[in-house]
Amino acid sequence: MRLIDGKTISDAIKKEIAAEVASLMDKGHRPPHMAAILVGHDGASETYIASKEKNCRAVGMTSSLYRYEENISEKELLEVISFLNDDEEVDGFIVQLPLPRHMDVDRIIAAVDPDKDIDGFHPVNMGRLALGEDAFVPATPCGIMELLKRDGIETSGKKCVVLGRSNIVGTPMALLMSRNNPHANATVTICHSKTADLAAEARQADILVAALGKPGFVTADMVKDGAVVVDVGIHRIADSTKQSGFRLVGDVDFEKVAPKCAAITPVPGGVGPMTIAALLMNTMKAYKKKEKIG
Ligand code: GUN
């Protein structure tokens, strides 16, 4: 069994981006600028946004945060989005999810300019992705594809099973894996809550992507010997032996599953750091498109 080291690979990507930003600035260009909108005080969202801001600045990009309380109206939020769509100094932005219940999430996402949609959630970007056109791809599946490519995992002709059909991970992951290119070309199955025999489907996988949001869901009996397992889950579990009082676990029962695998992503240090790296890659892409560079 080999660990797929997302931390080291994401550090390499960030170094490359930092060098590119420095080179652009040497040539007299402004730095890329990513903005984020955060509504409320969801713990996981606060962590993600803080990490995004820190990493953005570390590579020399500009980062700005638009924070609002839970009671902001949908109309006010739409006005902020319109402002950022029109702001010449912002290359791309995200609206952190989840949003409060009184918001129509689809309407909010659809209001983002597709060319500034570095989350890749807008229907235009999802449509382009489905058609195999150039698109902003959601950061988590984008990061996973980059991770597999850089780690030298063969995907072409392999059987890939994706557990979970969310718009953010499972669905774009399946689309990316089935694309016609040498770092994809997999035969893909998506499993979900109505799949008749999920364990039997999962056991067929050469590459198993667990993205269903349930701690420790994937057990050893669901994994074929020699499979590559990608764990997208990230959950806080109470643990009194830790100073913090918790530890992080994924959607995979790592202790039992890892010995069966050819390779597996750990939690933390696997998919998580790649998500941020992919968001930075998307910001660079938006910047270049806007400034007509490269
Ligand atoms: N909430 C959980 N994951 C994400 C993400 O990738 N982007 C945004 N905007 N919100 C999220």
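Since the structure is predicted, the reported quantities are computational estimates derived from the model, not experimental observations.

What counts and how
Residues numbered from 1 in each chain as written. Predicted model: local features only at pLDDT ≥ 70, side-chain atom pairs only at ≥ 80, totals over all residues. Heavy atoms only, no water. Pairing = 2+ DSSP bridges. Helix = DSSP H or I, 4+ residues; strand = E, 2+ residues; numbered from the N terminus. 1 Å grid on protein atoms, 1.4 Å probe; cavity = no way out; pocket = protein on both sides within 12 Å on 5 of 7 lines; lining within 4 Å. Points joined across faces, edges and corners; volume = space filled by probe spheres on them. Nonpolar A, V, L, I, M, F, W, Y, C, P; charged D, E, K, R; others polar. Salt bridge = Lys/Arg side-chain N within 4 Å of Asp/Glu carboxyl O. Buried < 20%, exposed > 50% of the residue type's maximum accessible area, 1.4 Å probe, protein only. Core = buried A, V, L, I, M, F, W, Y, C linked by side-chain atoms within 4.5 Å. Contact = heavy atoms within 4.5 Å. Axes fitted to C-alpha atoms, helices over the stretch in contact; angles between N-to-C directions.

Some details on the sheet that holds strand 1 (residues 2–3)
Now for step 1: Sheet architecture is open: six strands sit in the order 1-11-8-7-5-6, paired in parallel fashion. Where the open sheet ends on each side, the last strands, each with one partner, are strand 1 and strand 6 (187–191).
Now for step 2: Here strand 8 (residues 228–231) pairs with strand 11 (residues 263–264) via two bridges, running parallel. Of the residues in strand 11, the one forming a bridge with Val-228 is Ala-263.

Overview of the layout of surface pockets
Now for step 1: Roughly 1400 Å³ of volume is contained in the largest pocket.
Now for step 2: Lining the largest pocket are 47 residues, and of these Ala-44, Tyr-48, Ile-234, Gly-272 and Thr-275 lie nearest its centre.
Now for step 3: Taken together, the elements giving at least two residues each to the lining of the largest pocket come down to helix 1 (6–26), helix 2 (43–58), strand 4 (92–95), helix 6 (139–151), strand 9 (235–238), strand 10 (246–249) and helix 10 (271–291).
Now for step 4: Broken down by element, the lining of the largest pocket gets its largest block of residues, eight residues, from helix 2.
Now for step 5: Considering only residue class, the lining of the largest pocket consists of 22 nonpolar, 16 polar and nine charged.
Now for step 6: Looking at the second largest pocket, its volume works out to about 390 Å³.

What to know about the pattern of salt bridges
Now for step 1: Counting across every chain of the model gives 17 salt bridges.
Now for step 2: Linking Asp-91 and Arg-30 is a salt bridge whose minimum nitrogen-to-oxygen distance equals 2.7 Å. Placement of Asp-91 in the loop between helix 3 (74–86) and strand 4 and of Arg-30 in the loop between helix 1 and strand 2 (33–39) is noted, with a sequence separation of 61 residues between them.
Now for step 3: Take Asp-91: its relative accessible area is 0%, and that puts it in the buried class.
Now for step 4: Residue Arg-30 is classed as partly exposed on the basis of its relative accessible area, which comes to 26%.
Now for step 5: Through salt bridges that share partners, Lys-7, Asp-11 and Lys-14 make up one connected network.

A short note on the nonpolar core
Now for step 1: Counting 53 residues, the largest nonpolar core has Ile-17, Met-61, Met-177, Val-209 and Leu-280 as its most contacted members.
Now for step 2: When residues of this core are assigned to their parent elements, the largest contribution, ten residues, is made by helix 10.
Now for step 3: Discounting chain neighbours no more than four positions away, the residues touching Ile-17 are Val-59, Met-61, Ala-277, Leu-280, Met-281 and Met-284.
Now for step 4: If you look at the next biggest cluster of nonpolar residues, it comprises 19 residues, including Leu-198, Ala-199, Met-222 and Val-229.

What about empty space enclosed by the protein?
Now for step 1: Summed over all chains, the structure comprises one cavity of 30 Å³ or more.
Now for step 2: The calculated volume of the largest cavity comes to roughly 70 Å³.
Now for step 3: Contributing to the lining of the largest cavity are Phe-93, Ile-94, Val-95, Leu-97, Ile-108, Ile-109, Val-112, Asp-117, Asp-119 and Phe-121.
Now for step 4: If you list the elements that add at least two residues to the lining of the largest cavity, you get strand 4 and helix 4 (105–111).
Now for step 5: Class assignment for the residues of the lining of the largest cavity results in eight nonpolar, no polar and two charged.

Looking at the environment of Leu-198
Now for step 1: With respect to the helices, strands and loops of the structure, Leu-198 is situated in helix 8 (residues 198–202).
Now for step 2: The sequence separation of Leu-198 and Val-161 amounts to 37 residues, and the corresponding C-alpha distance is 9.9 Å.
Now for step 3: Aside from chain neighbours lying at most four places away, what touches Leu-198 is Leu-163, Cys-191, His-192, Phe-217 and Met-222.

Observations regarding the sheet that holds strand 4
Now for step 1: Strand order in this open sheet of three strands is 3-2-4, and the pairing throughout is parallel. The sheet is open, and its two borders are formed by strand 3 (62–68) and strand 4, each paired with just one other strand. When strand polarity is set aside, the average angle formed by the axes of neighbouring strands in this sheet is 15 degrees.
Now for step 2: Taken together, the four bridges between strand 2 and strand 4 define a ladder with parallel strand orientation. In the sheet register, Met-34 faces strand 4, and the bridge partner there is Gly-92.
Now for step 3: Each of strand 2, strand 3 and strand 4 is contacted by helix 2, which is oriented at about 155 degrees to strand 3, the strand it contacts most.

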